[in-house]
2 protein chains.
Amino acid sequence: MEELLIENGLRATKARMEVLNVLKSNSMPLSADELILKINREVVSGSSVYRILSELEKASILKKTLRQNGLHYYTIYDSHEHYIVCSNCGKIVPITHCPISPYEEGIAQNTGFKVTGHILELQGICSDCQG
Amino acid sequence: MEELLIENGLRATKARMEVLNVLKSNSMPLSADELILKINREVVSGSSVYRILSELEKASILKKTLRQNGLHYYTIYDSHEHYIVCSNCGKIVPITHCPISPYEEGIAQNTGFKVTGHILELQGICSDCQG
DNA sequence: GTGGATGCAAACCATTTGCACGCCA
DNA sequence: TGGCGTGCAAATGGTTTGCATCCAC
């Protein structure tokens, strides 16, 4: 964890370690809000959480995604990519296998864009909420 | 346009017509901001634009999408679905053909969700910005 | 010791909402 | 005419920022 920061030219401060540790121990992406709740408030303040998340994202340590619920979610970069979100209760479940990647080359040719990534958010009703 | 409103149980007011007409004459989704700029301000105020957009979305006349730039974009429901966004200048270009739909059935089986839709946003650098 | 990192509180900005007035059915 | 629709301005809520202080190096 400490190495991860230093490798990327960032100081290994207590606050940054705390944020990374909480994210590491969660397999699912967390919103800033959720993170602030799980964090030791003695070690990091709310505004620092935002500043740290933004730095870690710039350093490509974290991936930031804006969901349709209006909140930003953060996750360590190599974690799972896509999720389906329950429109009723907000539950999220990972999608295994990404159907987009194979299409990126063709899209690049059709549009002239250099494709750098994609955001995919499946929406639905989870089994618990279908009743 | 007037019929479209009445069919959906909404009064055909000048303000709603104006919003729908501006959206109709644009093939690309518009943000509330862009809409407010294009609209006749004598006919609709800013806050009413938001209220109208929200009603039209509830009535399933408009589709609302939150892009990664943090803005909501609105479009008449049958319009094009997916776009690639330039991370540098913000230009958007439609993607022909949606690679997701064929996978929705399988995802439903794997997750137990009833799949109701998806948001896909491709990200890249447009040809003008690649220099 | 010194410059980057943090805490606090105030600023931001898109969007939402309360309330009084105005217009459509 | 009655009530939905609208305008204005103030509130909201997640996120950002200015500035003084603190700590990692």
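Residues numbered from 1 in each chain as written. Chains lettered and ligands numbered in written order. Predicted model: local features only at pLDDT ≥ 70, side-chain atom pairs only at ≥ 80, totals over all residues. Heavy atoms only, no water.

Residue and element names in this part refer to chain A. In total, this model carries 0 aromatic pairs over all chains according to the counting rule given. One cation-aromatic arrangement involves Arg 67 over Tyr 73; the distance from NZ or CZ to the ring centre is 3.9 Å. Cation over ring: Arg 67 sits above Tyr 83, and NZ or CZ is 5.7 Å from the ring centre. (Phe/Tyr/Trp six-rings, centres within 6.5 Å; stacked < 30°, edge-to-face > 60°. Lys NZ or Arg CZ within 6 Å of the ring centre and 35° of its normal.)

A few words now on the sheet that holds strand 5 (residues 92–94) of chain B. Taken in spatial order, the 6 strands make up an open sheet running 5(A)-4(A)-6(A)-6(B)-4(B)-5(B), and their pairing is mixed. Each of the sheet's edge strands pairs with one partner strand only, and the pair in question is strand 5 (92–94) of chain A together with strand 5 of chain B. Strand-to-strand twist of the sheet, defined as the mean angle between neighbouring strand axes without regard to direction, takes the value 25 degrees. Across 3 bridges, strand 4 (residues 83–86) of chain A lies against strand 5 of chain A in antiparallel orientation. (Pairing = 2+ DSSP bridges. Helix = DSSP H or I, 4+ residues; strand = E, 2+ residues; numbered from the N terminus. Axes fitted to C-alpha atoms, helices over the stretch in contact; angles between N-to-C directions.)

Moving on, we get to the pairing of strand 6 (residues 114–125) of chain A. Working note: regular strand, side chains alternate between the two faces of the sheet. As paired elements, strand 4 of chain A and strand 6 of chain A share 4 bridges and run parallel to each other. By the bridge assignment, A:Cys86 is partnered in strand 6 of chain A with A:Gly124.

Turning our attention to the interface of chain B and chain A. The interface is formed by 40 residues belonging to chain B together with 40 residues belonging to chain A. For the chain B and chain A pair, buried surface summed over both sides reaches about 3,000 Å², with 67% attributable to carbon and sulfur atoms. For chain B, the biggest contributors to the area lost against chain A are B:Gln68, B:Phe113 and B:Ile119; these three give 22% of the whole. Linking chain B to chain A there are 0 salt bridges. In this structure, the connection of chain B to chain A is made through 13 residue pairs in polar contact (both at pLDDT 80 or more). For the side of chain B that touches chain A, the secondary-structure elements that each account for two or more residues are strand 2 (62–66), strand 4 (83–86), strand 5, helix 5 (101–111) and strand 6 (114–125) of chain B. For the side of chain B that touches chain A, the leading source of residues is strand 6 of chain B, giving 12 residues. Direction of pairing for strand 6 of chain A relative to strand 6 of chain B: antiparallel, over a ladder of 11 bridges. (Contact = heavy atoms within 4.5 Å. Buried area = accessible area lost by both parts, 1.4 Å probe. Salt bridge = Lys/Arg side-chain N within 4 Å of Asp/Glu carboxyl O. Polar contact = N/O pair within 3.5 Å; in protein donor to acceptor, adjacent residues only side chain to side chain.)

Moving on, we get to the relation of the copies chain B and chain A. Rotating chain B by 180 degrees and translating it 0.0 Å along the rotation axis places it on chain A, where the RMSD comes to 0.1 Å. This pairing of chains is accounted for by a two-fold axis. Identified as the residue of chain B closest to the rotation axis by C-alpha distance is B:Leu120, at 2.2 Å. When the interface residues of chain B are mapped onto chain A, 100% of them again lie at the interface, so the same face is used by both copies. (Least-squares fit on C-alpha atoms with pLDDT ≥ 70 in both.)

This brings us to the sheet that holds strand 1 (residues 30–31) of chain A. Residues and elements named next belong to chain A. Strand order in the open sheet made by the 3 strands is 1-3-2, with antiparallel pairing throughout. On the outer flanks of this sheet lie strand 1 and strand 2 (62–66), each paired with one strand and no other. Pairing geometry for strand 1 and strand 3 (residues 72–76), over 2 bridges, is antiparallel. Note on strand 3: the bridge partner recorded for Ser 31 is Tyr 73. Lying on the sheet, helix 2 (residues 14–24) is in contact with strand 1, strand 2 and strand 3; it crosses strand 3 at an angle near 85 degrees.

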